[in-house]
Amino acid sequence: MINQIKQKKIFLETYGCQMNEYDSQLVRAILKKENYEFVTDERKADIIMLNTCSVREHAHRKVYGRVHHIRHARGKDSVMIGILGCMATNLRKDLLEDRSLKIDFIAGPDSYKHLPQLIHEASDEDRKSYDVTLSEFETYSDIYPSRTEDGVNAWIAVMRGCNNFCTFCVVPYTRGRERSRSPKNVVDEARRLAVEGFKQITLLGQNVNSYRYDNYDFAYLMDEVSKIDGIKRIRFTSPHPKDFPDRFLDLMAANPKICKHIHLPLQAGNNRILDMMNRTYTSEDFVNLVDKIRTKIPNVALTTDIIVGFPTETDGEFEDTIQVVAQAAFDSAFTFKYSQRQGTIASKEYPDDVSEAIKTERIMCLNEIQKNITLKKNQAHIGQVFDILIEPIFQEKPSINSVGRTDGNKLVILSQNGYKIGDMIKTIITGATPHALKGDPSIS
Ligand code: 5AD
Ligand code: SF4
């Protein structure tokens, strides 16, 4: 059995956020070192691993469905199934006890270095093979991810975990306490990526601007990464509105390599709801921050996350969110219906009492309003000239023209194809929809 395990082929599927994508690359690096082979056809796999997310309900249900589907297609014993990621931590007990799922091993986000051992142990029928212990220290800084990205943008996780405990959010429980990698370690990784030909680095963390290592803050880290030759652009995601010192905004304004885009999660625009969410700011604080950002960085693109239907949210309180959305004039927004997550403060203290119908009504209303704002913002770019970093075209649509992104992260479809991926092209904007801009490099 053990010999068989040594040559196993793994199919790894990733759900959820960019941090999970990054973690999957760490998992690939760890297991490749142990001579496991990664395959893209799941039918050829001896081990199927699902790197799960439990931030929102959708991903959760999807994973249960996926496991049942795999067992149905492959039978009980012909394939091992491993569950990784946030759902592993949060639902360890349910997963192992649900015999119909027959999960072979489980590894939480801080246990990936133990995967070779866990897989080995999982071949013993009588043993429950799991490790979901959260660490205060694990940053995987000694592992260079086995990247699957397209060659233009590479992600670097600079901090992990979160100490904010927003009441709706499961991340502090599934990913544990905040911890940051040393600046030297991050800069070394970025240098190596530049040598490999990557043009853009996105610094990643659950709460990225809380980055702190000794006396080094996030502004210092961004500045250091920006000094690397070959790196044309630096981005970051996702920050919390509480950590935007002037020093950081001034650096953003002054440093041409730092993209003028901030993803600034609002979550709600009503102060009672923000307080219940434990967001630690009021709607006035948020709007003031938006004004300050726009004063310091006039052409900044702002995007956001918003939750509708948080427990007890009234129609009037939802209207407050609409007001802030109108005032902040985000370039785009990710909107979510509140969904109760096991283990969170909200799940213990506040009944999920806004009906599904009202949540749907509110999200549709919000999306309609935001769509119009996004369209207006995009139309305002018509006639302006932007530097576009050319990206690979999505595989499914090989026939469309070259595509790239503005500094503000807006997708631009060019009038021609054939531009070299990774090049920066000057383009005049000739058209706009709520989803993308059109550009014609020949007339700029
Ligand atoms: N319900 C709905 N949306 C949520 N998010 C996080 N937790 C929940 C939840 N329980 C959203 C937040 C966060 C984004 C990543 O996911 O808006 O910013
Ligand atoms: Fe979750 Fe809030 Fe931390 Fe973001 S800042 S990961 S929403 S607890």
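Relevant structure appears above.
Note that residues are indexed from 1 along each chain, following the sequence as it is written. For naming, the first written chain is A and the first written ligand is 1, with later ones following in the order written. Where totals are concerned, whole chains, interfaces and linings use all residues; where local detail is concerned, this predicted model gives features only for residues with pLDDT of at least 70, and gives and counts side-chain atom pairs only at 80 or more. Heavy atoms throughout the structure, all of them, feed into the side-chain values; hydrogens and water do not.

Draft legend 1. Looking closely at the overall build of the chain. Helix and strand labels come from DSSP, where a helix needs a run of H or I of at least four residues and a strand needs a run of E of at least two; each type is numbered from the N terminus. Helices and strands together make up the secondary structure of the chain, namely 15 helices and 21 strands. In terms of overall size, the chain behaves like a compact globule, its C-alpha atoms giving a radius of gyration of 23 Å where 444 residues would be expected to give roughly 22 Å. Principal axes of the C-alpha set define a box for the chain whose edges measure 65 × 50 × 50 Å. Of all 444 residues assigned to the chain, the portion counted as buried reaches 55%. Sequence-distant contacts in the chain: of pairs separated by 6 or more residues, those separated by 24 or more amount to 73%. Exposure was quantified through the Shrake-Rupley algorithm and a 1.4 Å probe, taking into account, for residues, occlusion by the shown protein chains and nothing else. Carbon and sulfur atoms provide 49% of the accessible area of the chain, an area that totals close to 19900 Å². The centroid of the 60 positive side-chain charges in the chain is displaced by 4 Å from the centroid of its 60 negative side-chain charges. In this setup the radius of gyration rests on C-alpha atoms only. A globule is expected at 2.2 Å times the number of residues raised to 0.38. Throughout this description, buried means an accessible area under 20% of the type-specific maximum (1.4 Å probe, protein chains only), exposed means over 50%, and partly exposed covers the range between. Whether two residues are in contact is decided by their heavy atoms: any pair within 4.5 Å suffices. Positive residues here are Lys and Arg, negative ones are Asp and Glu, while His and the chain termini are left out of the count. Every charge is mapped onto a representative atom, which is NZ of Lys, CZ of Arg, CG of Asp or CD of Glu.

Draft legend 2. Summary view of the site of ligand 1. Every residue close to ligand 1 is listed here: Val55, Arg56, Phe168, Gln267, Asp305, Ile307, Phe336, Lys337, Tyr338, Ser339 and Arg341. Here a polar contact is taken to be a pair of N or O atoms separated by no more than 3.5 Å, where protein atoms must pair a possible hydrogen donor with a possible acceptor and residues adjacent in sequence count only if both atoms sit in side chains. At a separation of 3.0 Å, a nitrogen atom of ligand 1 approaches a polar backbone atom of Phe168. Notes on ligand 1: free accessible area 400 Å², of which the protein chains cover 86%. Counting only elements with at least two residues in the shell around ligand 1, the list comes to strand 15 (301–308) and strand 16 (332–337). In this count, Pro and Cys sit with the nonpolar residues alongside Ala, Val, Leu, Ile, Met, Phe, Trp and Tyr, while Asp, Glu, Lys and Arg are called charged and the others, Gly among them, polar. Of the residues contributing to the shell around ligand 1, the split by class is five nonpolar, two polar and four charged. We call a residue near a given molecule or strand whenever any one of its heavy atoms falls within 4 Å of it.

Draft legend 3. Representation of the sheet that holds strand 19 (residues 411–414) in the model. One requirement defines pairing of two strands: DSSP has to find at least two bridges between them. Ordered by their spatial adjacency, five strands build a closed barrel running 17-18-19-21-20, and the pairing between neighbours is mixed. Strand-to-strand twist in this sheet, taken as the mean axis angle between neighbours without regard to direction, amounts to 50°. Two strands pair when backbone bridges link them, and strand 18 (residues 403–405) and strand 19 are joined in this way by three bridges, in the antiparallel orientation. What sits directly across from Val403, in strand 19, is Ile413. The axes used here are C-alpha line fits, helices contributing only the stretch in contact, and every angle between their N-to-C directions lies in the interval 0 to 180 degrees.

Draft legend 4. Broad picture of the site of ligand 2. Looking at ligand 2, the residues that line it are Cys162, Asn164, Phe165, Cys166, Phe168, Cys169, Val171, Pro172, His240 and Arg279. Here the residues of the shell around ligand 2 sort into seven nonpolar, two polar and one charged.

Draft legend 5. Local environment of helix 12 (residues 283–296). One less than the number of residues in a helix, times 1.5 Å, gives the span that helix is expected to have. The terminal C-alpha atoms of helix 12 lie 20 Å apart, and with 14 residues this matches the ideal 20 Å at 1.5 Å per residue to within 8%. When we look at burial in helix 12, the residues that qualify are Ser283, Phe286, Val287, Leu289, Val290 and Ile293. Projected down its long axis, helix 12 shows its buried positions confined to an angular sector of 155°, all on one face. Where the residues of helix 12 are buried, they touch helix 10 (246–254), strand 14 (261–263), helix 11 (271–277), strand 15 and helix 13 (315–328). The arc refers to the directions leading from the helix axis to the C-beta atoms.

Draft legend 6. The arrangement of the environment of Gly151 in detail. In this fold, Gly151 is placed in the loop between strand 6 (129–131) and strand 7 (153–157). Gly151 gets classed as partly exposed once you look at its relative accessible area, which sits at 28%. Each C-alpha atom, one on Gly151 and one on Phe137, is 30 Å from the other, the two residues being 14 residues apart in sequence. Among all residues touching Gly151, those that are not within four sequence positions of it are Gly197, Phe198 and Lys199.

Draft legend 7. How the structure looks around the packing of aromatic side chains. Note on aromatic pairs: the rings of Phe, Tyr and Trp (six-membered ring only in Trp) are paired at centre separations within 6.5 Å, and the planes decide the class, stacked below 30 degrees, edge-to-face beyond 60, tilted for the rest. Under the criterion given, the structure shown has 11 aromatic pairs. With centroids separated by 5.5 Å and ring planes inclined at 75°, the aromatic side chains of Phe165 and Tyr173 adopt a geometry described as edge-to-face. Relative accessible area serves as the criterion here: at 25%, Phe165 is assigned to the partly exposed category. Ring pairs connect the aromatic residues Phe218, Phe236, Phe244 and Phe248, which therefore count as one cluster. A ring has a charge above it when a Lys NZ or an Arg CZ is no more than 6 Å from the ring centre and no more than 35 degrees off the ring normal. When the ring centre of Phe38 is taken as reference, the NZ or CZ atom of Arg28 above it lies at 5.1 Å. Taking NZ or CZ as reference, Arg147 lies 5.5 Å from the ring centre of Tyr144, over its face.

Draft legend 8. Structural context of the sheet that holds strand 13 (residues 233–237). What the three strands build is an open sheet, ordered 7-10-13; its pairing is parallel. For this open sheet the edge positions go to strand 7 and strand 13, each flanked by a neighbour on one side alone. Averaged over all pairs of adjacent strands, the angle between strand axes in this sheet comes to 25°, irrespective of strand direction. Both strand 10 (residues 200–204) and strand 13 contribute to a ladder of five bridges, which runs parallel. From the neighbouring strand, Leu203 faces strand 13, where its bridge partner is Phe236.

Draft legend 9. Molecular detail of the nonpolar core. Counting 95 residues, the largest nonpolar core has Val158, Leu203, Phe218 and Ile262 as the members making the most contacts within it. Considering each element in turn, this core owes the most residues, seven residues, to helix 2 (residues 18–33). Take the buried Ala, Val, Leu, Ile, Met, Phe, Trp, Tyr and Cys residues and link them wherever side-chain atoms come within 4.5 Å; each set so joined is a nonpolar core. Core analysis: the next-biggest nonpolar cluster, separate from the first, contains 22 residues, Phe11, Val67, Ile70 and Ile83 among them.

Draft legend 10. The arrangement of the packing of helix 12 against helix 13 in detail. Here helix 12 crosses helix 13 at 10°, and the two axes come no closer than 10 Å. Here helix 12 lies roughly parallel to helix 13, going by the angle between them. Contacts from Ser283, Phe286, Val287, Val290 and Arg294 in helix 12 reach Val324, Gln327 and Ala328 in helix 13. Residues that form the contact of helix 12 with helix 13 fall into these classes: five nonpolar, two polar and one charged. Convention used here: angles under 35 degrees read as roughly parallel, angles over 145 as roughly antiparallel, angles from 65 to 115 as roughly perpendicular, and any remaining angle as oblique.

Draft legend 11. Here's a closer look at the environment of Thr52. Mapped onto the elements of the fold, Thr52 is located in strand 3 (residues 47–52). With 254 residues separating them in the primary sequence, Thr52 and Ile306 have C-alpha atoms 22 Å apart. Apart from the residues within four sequence positions on either side, Thr52 is in contact with Tyr15, Asn20, Val63, Ile83, Leu84, Gly85, Cys86, Met87 and Ala88. A distance of 2.7 Å separates the side chain of Thr52 from the backbone oxygen of Leu84, its partner in a polar contact.

Draft legend 12. Representation of the pattern of salt bridges in the model. Throughout this description, the term salt bridge denotes a Lys or Arg side-chain nitrogen within 4 Å of a carboxyl oxygen of Asp or Glu. Summed over all chains, the structure comprises 29 salt bridges. In this structure, the salt-bridge partner of Arg66 is Glu13, at a minimum N-O distance of 2.8 Å. Here the residue Arg66 occupies a position in helix 3 (residues 57–74), and Glu13 occupies one in strand 1 (residues 9–14), the gap between them amounting to 53 residues. Classification of Arg66 as buried rests on a relative accessible area of 14%. In this structure, Arg160 and Asp23 form a salt bridge, with 2.9 Å as the shortest nitrogen-oxygen distance. Separated by 137 residues along the polypeptide, Arg160 in strand 8 (residues 159–160) and Asp23 in helix 2 bring together distant segments of the chain. Each of Glu13, Glu42 and Arg66 takes part in a single network of salt bridges with overlapping partners.

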